[in-house]
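# Understanding the architecture of this molecule
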Number of protein chains: 2
Amino acid sequence: MLTVLAGGVGAARFLLGAVEAIDAAQVTAIVNVGDDAVIHGLDVSPDLDTVVYTLAGAVDERRGWGRSDESWRAIEQVRRYAESAGVDASAAVGNDAAGWFTLGDLDLGTHLYRSSRRRAGIPLSAVTAEIVRTWGVGVRVLPATDDPLRTWIETVDGRRLSFQEYFVREHHDVEIRAVHLSGSDEARPAPGVLDAIADAEVVVIAPSNPVVSIGPVLAVGGIAQAVSARRERVVAVSPIVGGAALKGPADRMLRELGCEPSVAGIAKWYAPLAGTLVIDAVDAHLASRVESEGVRCVVTDTVMDRPGVAAALTRACLEAGEDRSPG
Amino acid sequence: MLTVLAGGVGAARFLLGAVEAIDAAQVTAIVNVGDDAVIHGLDVSPDLDTVVYTLAGAVDERRGWGRSDESWRAIEQVRRYAESAGVDASAAVGNDAAGWFTLGDLDLGTHLYRSSRRRAGIPLSAVTAEIVRTWGVGVRVLPATDDPLRTWIETVDGRRLSFQEYFVREHHDVEIRAVHLSGSDEARPAPGVLDAIADAEVVVIAPSNPVVSIGPVLAVGGIAQAVSARRERVVAVSPIVGGAALKGPADRMLRELGCEPSVAGIAKWYAPLAGTLVIDAVDAHLASRVESEGVRCVVTDTVMDRPGVAAALTRACLEAGEDRSPG
């Protein structure tokens with residue numbers, strides 16, 4: 001059994017490779033919910049949806065998130081109202097009425113369904129299982145927690161932004177001072193999460209943003225402890241390749257938080273949790289720096305832009321993790 | 001100035017005639033919000049939207065509500081999830097996850113915008129004004145109240161249904177015992193409502209369902225008193241023609257609540273509030289029964305299915321109301 005700690009796009013592509021390499025029924029994804037948000041009153045879970053849409057073959061491949069064959073009729077109407085009313089997106093936290101969070105019409109169906117079910121008292125993990133079943137996805141997809149957990153970004157210019165405000169509205173083009181998680185003290189792992197970590201042959205930390213994708217997963221009570229208890233079986237895949245994030249602001253965030261944006265910095269970041277770090281061939285010259293952090297280093301292709309790379313990456317992770325003594 | 005107490009489709013068609021007959025800036029609509037609902041977490045105001053879309057020329061003319069050129073991509077996705085999960089629409093109050101409440105993609109834009117604004121603390125009346133302005137509608141459209149007011153239907157088989165569950169989910173095909181309004185004791189008229197009634201040359205009660213469209217408007221604190229204070233200037237248009245409602249369950253509801261579904265029954269129903277009742281030519285033989293309720297009777301064409309009828313109806317109402325001594 002393979003368990004993957006997952007954020008959004010990078011993790012989804014890794015998981016797509018995993019189900020090429022092994023039986024989907026053997027794969028569990030534990031997905032970040034720190035960037036979940038209530039947008040226009042709807043419960044939006046971006047990373048869960050990216051993972052499910054990708055595994056279902058329904059994702060927009062160019063963007064890496066959202067639905068293929070999408071339309072934008074609802075949100076265009078929202079923007080028409082906002083423009084007419086002079087609603088200023090930057091005016092206040094939560095002013096999503098300006099339509100800066102782009103929701104496609106098909107994607108809205110998922111948010112509407114999730115919102116209804118949650119208001120009827122169904123936990124996020126159970127609604128997610130319904131959505132996964134509808135799509136015929138074989139991977140078990142678990143939110144890290146059913147409890148409220150939110151990522152907040154403190155900027156150098158003194159603002160406190162929700163993750164989506166930082167990421168979508170500000171295009172992560174703002175210097176950050178710190179990342180805070182609200183709710184992490186009370187958040188308990190969703191049903192099945194701790195067992196999936198304890199029972200896995202290998203636990204993979206997907207090539208997602210360590211700060212705002214993997215960080216909130218690990219912040220849920222008991223998850224970091226469960227992962228570190230399996231350290232010898234835990235394999236992280238570096239989201240930094242050649243000193244930069246393939247997508248998103250991971251490199252910039254790491255730097256602003258005082259961490260070197262390199263595979264060496266990632267090794268140091270994950271050293272308490274992961275016995276192995278998989279790095280890309282372009283970073284092979286840094287393998288000794290990785291190992292000097294007390295982390296075994298595996299070098300392979302990690303850029304999942306060609307067929308076969310993701311599946312080979314899964315196999316490399318499994319080999320690396322299974323090599324080790326039981327953790 | 002003309003002030004119209006309004007429900008949905010019938011009132012919207014009347015208002016469309018009013019702006020043909022007189023300057024739109026002279027018209028105020030006070031609209032029912034008793035059948036507002038939270039659907040999938042979104043604030044839905046069906047009567048307000050029907051009035052605005054109709055006046056904007058954006059309504060689906062065949063249905064009489066919703067947007068023309070509409071698509072249903074989001075709600076089809078909701079239904080796919082619900083079917084897969086075996087979500088039973090009739091299982092519980094509020095189980096809108098089954099997708100029985102059909103929301104079009106364009107229409108969703110209105111609900112998303114309204115929901116965002118209300119969560120930001122903007123009252124319904126102010127959001128409605130923004131929506132009206134966006135559409136370039138000249139009529140002033142006021143919700144009866146900014147406070148929560150909800151219509152509940154008690155059925156003979158012992159269920160308590162929200163209005164939308166009764167109307168949309170059950171297709172109003174169920175015998176009712178009573179209609180309850182929750183929140184009416186606390187609900188205050190929205191800004192401008194009482195003045196619009198007091199200052200109008202004529203107040204028209206539109207040909208809407210007296211029980212569940214006009215009833216909730218009148219139940220808001222002070223509105224019924226303000227209307228009855230202008231009784232000689234108040235003109236009701238009968239929603240019953242030839243013993244039947246043109247649309248919807250008004251005839252059936254009146255009967256089940258012990259009121260004769262005829263223009264005579266309507267005259268009795270509105271007698272405390274309206275000095276005049278306008279009835280259709282097909283009911284001319286009942287004029288004396290109307291007048292025996294102490295209500296002056298005007299006979300004209302009231303079925304707004306041909307061009308010009310609605311405008312002529314407005315003119316008939318204005319004449320009828322202005323004829324009277326100041327109320």
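Refer to the structure above for everything that follows.
Now for a look at the structure at hand. Keep in mind it's a predicted model, so treat the numbers as computed, not measured. Positions within a chain are numbered from 1, following the residues in the order the chain's sequence is written. A letter from A marks each chain and a number from 1 marks each ligand, given out in the order of writing. Whole-chain, interface and lining totals are the exception, using all residues; otherwise, since this is a predicted model, local features are given only for residues with pLDDT of at least 70 and side-chain atom pairs are given and counted only at 80 or more. The basis for the side-chain values is all heavy atoms of the structure; hydrogens and waters are excluded.

### Some words on the overall build of chain A
Filter applied, for reference: Note on conventions: DSSP H or I runs of at least 4 residues are helices, E runs of at least 2 residues are strands, and numbering of each starts at the N terminus. Radius of gyration here is computed from C-alpha atoms only, and the compact-globule reference equals 2.2 Å multiplied by the residue count raised to the power 0.38. Think of it in three bands: with a 1.4 Å probe and only protein chains considered, a residue is buried below 20% of the maximum accessible area for its type, exposed above 50%, and partly exposed in between. Note on contacts: a residue pair qualifies if any of its non-hydrogen atoms lie within 4.5 Å across the two residues. Shrake-Rupley sampling with a 1.4 Å probe provides the accessible areas, and residues are treated as covered by the protein chains on show and by no other component. Only four residue types enter the tally: Lys and Arg on the positive side, Asp and Glu on the negative side, with His and both chain ends excluded. The location of each charge is read from NZ of Lys, CZ of Arg, CG of Asp or CD of Glu.
In terms of regular secondary structure, chain A is built from 13 helices and 14 strands. Against the globule reference of 20 Å for 327 residues, chain A gives a C-alpha radius of gyration of 19 Å, in line with a compact fold. By principal-axis analysis of the C-alpha atoms, chain A measures approximately 60 × 45 × 40 Å. Going through the 327 residues of chain A one by one, you find that 60% of them count as buried. Across chain A, contacts joining residues at least 24 apart in sequence account for 70% of those joining residues at least 6 apart. Approximately 11,900 Å² of chain A is accessible, and the part contributed by carbon and sulfur atoms is 50%. Put simply, chain A has 31 plus and 44 minus side-chain charges, and the middle of one group is 1 Å from the middle of the other.

### Some details on the relation of the copies chain B and chain A
Inclusion rule: The copies are overlaid by a least-squares fit using only the C-alpha atoms of residues whose pLDDT is at least 70 in both copies.
When chain B is brought onto chain A, the operation consists of a screw motion whose angular component is 180 degrees and whose axial shift is 0.0 Å, with 0.0 Å RMSD remaining. Viewed as a symmetry operation, the transformation between the two copies matches a two-fold axis.

### What about the pairing of strand β9 (residues 202-205) of chain B?
Residues and elements named next belong to chain B. To be explicit about the condition: DSSP calls a pair of strands paired once it identifies at least 2 bridges connecting them.
Because side chains alternate across β9, one face comprises the buried residues Val-202 and Val-204, and the other comprises Val-203 and Ile-205, equally buried. When strand β1 (residues 2-6) meets β9, the two strands line up parallel, connected through four bridges. Considered in β9, the bridge of Leu-2 is made with Val-202. Taken together, the three bridges between β9 and strand β10 (residues 234-237) define a ladder with parallel strand orientation. From the neighbouring strand, Val-203 faces β10, where its bridge partner is Val-234.

### Description of empty space enclosed by the protein
This is how it is decided: In this analysis, the protein atoms alone were mapped onto a 1 Å grid. Cavities are point sets where a 1.4 Å probe fits without being able to get out; pockets are open sets with protein on both sides within 12 Å along at least five of seven lines; lining residues have an atom within 4 Å of a point. Grid points are joined across faces, edges and corners, and a volume is the space filled by probe spheres set on the points. The classification used treats Ala, Val, Leu, Ile, Met, Phe, Trp, Tyr, Cys and Pro as nonpolar, Asp, Glu, Lys and Arg as charged, and all other residues, Gly among them, as polar.
Overall, the coordinates contain two cavities of 30 Å³ or more when judged by the stated rule. Counted as a void, the largest cavity has a volume near 40 Å³. Around the largest cavity sit Val-33, Asp-36, Arg-118, Leu-124, Thr-145, Asp-146, Asp-147, Pro-148, Leu-149 and Arg-150 of chain B, which together line it. Classifying every residue of the lining of the largest cavity gives four nonpolar, one polar and five charged. Along its surface, the second largest cavity is lined by Asp-36, Ala-37, Asp-43, Val-44, Ser-45, Arg-118 and Arg-150 of chain A.

### So, the sheet that holds strand β6 (residues 150-155) of chain A
Residues and elements named next belong to chain A. Heads up, the rule is: An axis is simply a line fitted to the C-alpha atoms; with a helix, the fit covers only the stretch in contact. Between two such axes, the angle follows the N-to-C directions and lies from 0 to 180 degrees.
Read across the open sheet, the three strands follow the order β7-β6-β8; overall the sheet is antiparallel. Of all strands in the sheet, those bounded by a partner on one side alone are β7 (160-162) and β8 (176-182). The mean inter-strand angle of the sheet, taken between neighbouring strand axes irrespective of direction, is 30 degrees. By the bridge criterion, six bridges tie β6 to β8 in an arrangement that is antiparallel. Note that in β8 the partner of Thr-151 across the bridge is Leu-181. Across the sheet, helix α8 (residues 210-219) lies against β6 and β8, angled at about 35 degrees from β8, the strand it touches most.

### Some details on the interface of chain B and chain A
As a reminder, the rule being used: What gets called buried area is simply the loss in accessible area from a 1.4 Å probe that two parts show on being joined, summed for both. Salt bridges, as used here, are contacts in which a Lys or Arg side-chain nitrogen is within 4 Å of a carboxyl oxygen on Asp or Glu. We call two N or O atoms a polar contact when they sit within 3.5 Å, provided that within protein one can donate a hydrogen and the other can accept it, with sequence-adjacent residues counted only if both atoms are side-chain atoms.
Taken together, the contact between chain B and chain A spans 37 residues of the former and 37 residues of the latter. Its largest share of buried area at the contact with chain A, chain B owes to Arg-73, Tyr-81 and Tyr-113 of chain B, together 23% of the area lost on that side. Connecting chain B to chain A are two salt bridges. For Arg-73 of chain B, the salt bridge is made with Asp-69 of chain A, and the minimal N-O distance between the two is 3.1 Å. Scanning the region where chain B abuts chain A turns up 18 residue pairs in polar contact (both at pLDDT 80 or more). The set of elements that each furnish at least two residues to the side of chain B that touches chain A consists of α3 (73-85), α4 (105-119) and α5 (124-134) of chain B.

### With respect to a negative patch on the surface
Residues and elements named next belong to chain A. So the rule is basically this: The patches described consist of residues with a relative accessible area above 30% and no salt bridge, like charges being joined within 9 Å and nonpolar side chains (Val, Leu, Ile, Met, Phe, Trp, Tyr) within 5 Å.
On the surface, a cluster of negative charge is made up of Glu-201, Glu-319, Glu-322 and Asp-323. Its place among the elements puts Glu-322 in helix α13 (residues 309-323). For Glu-322, a relative accessible area of 39% corresponds to the partly exposed category.

### A short note on the packing of α4 of chain B against α5 of chain B
Residue and element names in this part refer to chain B. The condition that has to hold: Roughly parallel here means an angle under 35 degrees, roughly antiparallel means over 145, roughly perpendicular means 65 to 115, and every remaining angle is called oblique. We call a crossing left-handed when the near helix sits turned anticlockwise from the far one by less than a right angle, and right-handed when that turn is clockwise.
Where α4 meets α5, the closest approach of the two axes is 10 Å, and the angle between their N-to-C directions is 140 degrees. Looking at the two axes, α4 sits oblique to α5. For the pair α4 and α5, the sense of crossing is right-handed. Between α4 and α5, the contacting residues are Thr-110, Tyr-113, Arg-114, Arg-117 and Arg-118 on the first element and Leu-124, Val-127, Glu-130 and Ile-131 on the second. A per-class count over the contact of α4 with α5 returns four nonpolar, one polar and four charged.

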